[in-house]
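Working through the structure, step by step
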Amino acid sequence: METQFCRICNKEKTLEEYPDKWSQNKTGYRIIGKRNECRDCSNNRRKQSYERDWRKGILMNVKQRVRLLKIPFNLTLEDIIIPEYCPILNVKLQRGTKKDYRYSPTVDRLDNNKGYIKGNIRIISKQAKKMKNNPTKEELIQFSKNIMTYLNDDIV
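Let us look at the structure shown here. Quick caveat: nothing in here was measured; it's all calculated off a predicted structure.

The rules behind these values
Residues numbered from 1 in each chain as written. Predicted model: local features only at pLDDT ≥ 70, side-chain atom pairs only at ≥ 80, totals over all residues. Heavy atoms only, no water. Helix = DSSP H or I, 4+ residues; strand = E, 2+ residues; numbered from the N terminus. Rg over C-alpha atoms; globule rule 2.2 N^0.38 Å. Contact = heavy atoms within 4.5 Å. Areas by Shrake-Rupley, 256 points an atom, 1.4 Å probe, with all protein chains shown as cover. Lys, Arg positive; Asp, Glu negative; His and termini not counted. Charge placed at Lys NZ, Arg CZ, Asp CG, Glu CD. Core = buried A, V, L, I, M, F, W, Y, C linked by side-chain atoms within 4.5 Å. Buried < 20%, exposed > 50% of the residue type's maximum accessible area, 1.4 Å probe, protein only. Phe/Tyr/Trp six-rings, centres within 6.5 Å; stacked < 30°, edge-to-face > 60°. Lys NZ or Arg CZ within 6 Å of the ring centre and 35° of its normal. Pairing = 2+ DSSP bridges. Salt bridge = Lys/Arg side-chain N within 4 Å of Asp/Glu carboxyl O. Expected span 1.5 Å × (residues − 1).

1. So, the overall build of the protein chain
A tally of regular secondary structure across the protein chain gives four helices and six strands. Put simply, the protein chain runs from its N terminus to its C terminus through helices and strands in the order β-β-β-β-α-α-β-β-α-α. Here the C-alpha radius of gyration of the protein chain, 19 Å, is well above what a compact globule of 156 residues would show, namely 15 Å. Seen through its principal axes, the protein chain has C-alpha atoms that stretch 60 × 35 × 25 Å. Contacts in the protein chain between residues far apart in sequence, at least 24 positions, make up 44% of those at least 6 positions apart. When the accessible surface of the protein chain is summed, it comes to about 11100 Å², and 49% of that surface belongs to carbon and sulfur atoms. Of the charged side chains in the protein chain, 34 are positive and 19 negative, and the gap between their average positions amounts to 2 Å.

2. Some remarks on the nonpolar core
Counting 21 residues, the largest nonpolar core has Leu-75, Ile-80, Cys-86, Ile-88, Leu-89, Val-107 and Tyr-116 as its most contacted members. Of all the secondary-structure elements, those providing two or more residues to this core are helix 2 (54–69), strand 6 (121–125) and helix 4 (137–152). A total of four residues in this core trace back to one element, the largest contributor, which is helix 2.

3. So, the packing of aromatic side chains
For the structure on display, the rule yields zero aromatic pairs. Across the ring face of Tyr-85, the terminal group of Lys-92 is positioned such that the distance to the ring centre comes to 5.8 Å. Here the basic side chain of Arg-109 rests over the ring of Tyr-116, its NZ or CZ set 4.7 Å away from the ring centre.

4. Some words on the pairing of strand 5 (residues 105–109)
By the criterion of burial, strand 5 is predominantly enclosed, with five of the five residues buried. Residues Pro-105, Val-107 and Arg-109 of strand 5 are buried on one face, and the alternating residues Thr-106 and Asp-108, pointing to the opposite face, are buried as well. Of the pairings in the sheet, the one linking strand 5 to strand 6 comprises five bridges and is antiparallel in character. Paired with Arg-109 across the bridge in strand 6 is Ile-121.

5. Quick look at the pattern of salt bridges
Opposite charge on two side chains lets them pair, provided their charged atoms get close. In the structure shown here, the tally under the stated rule is eight salt bridges. Between Glu-37 and Arg-45 there is a salt bridge whose closest N-O contact spans 3.3 Å. For Glu-37, a relative accessible area of 1% translates into the label buried. Between Glu-84 and Lys-92 there is a salt bridge, with the nearest N and O atoms lying 2.9 Å from each other.

6. What to know about helix 2
The end-to-end C-alpha distance of helix 2 is 23 Å, a good match for the 22 Å that 16 residues give at a rise of 1.5 Å each. Every buried residue of helix 2 is listed here: Gly-57, Ile-58, Leu-59, Val-62 and Val-66. Summarising the contacts, the buried residues of helix 2 are in contact with helix 1 (39–52), strand 5 and strand 6. Positive backbone phi, approximately 55 degrees, marks Lys-70, located one or two places after helix 2.

7. A look at the environment of Lys-98
You can see Lys-98 is positioned in the loop between helix 2 and strand 5. The class of Lys-98 is exposed, set by a relative accessible area of 85%. Lys-98 sits 13 residues away from Tyr-85 along the chain, and the two C-alpha atoms are 21 Å apart.

Pasting the structure below:
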């Protein structure tokens, strides 16, 4: 069984414990080998980076969706503007946990036909995005009060 040393923790681990290294060419993405840091160290570094700047995690998630859905994308980190409060529910946006991520910021496309492009996104809470499924009475009242303003705002 092949092993290699992680450049972060300096522990020898099997190749299965390392994420794949990807490369992009004209036909798409392909695996070109293994990364030089183990999956645990890679995940820890990514989490620390996202905790410093939430926008990085949001942008990374959008990029993954774009690759899968093959839709237009031209966003940069500066295009991700996270308001203090969700414009729909008027609740403070906060980093979620595995148990509760309702008020975590997420990207909402204003026009789903246009993709993730400049001027077609807003940051709202995950709960606002899922309001069709299971709102509480108080959340539904707040949603109703704010949705008309949200939908009528000019797209920048």
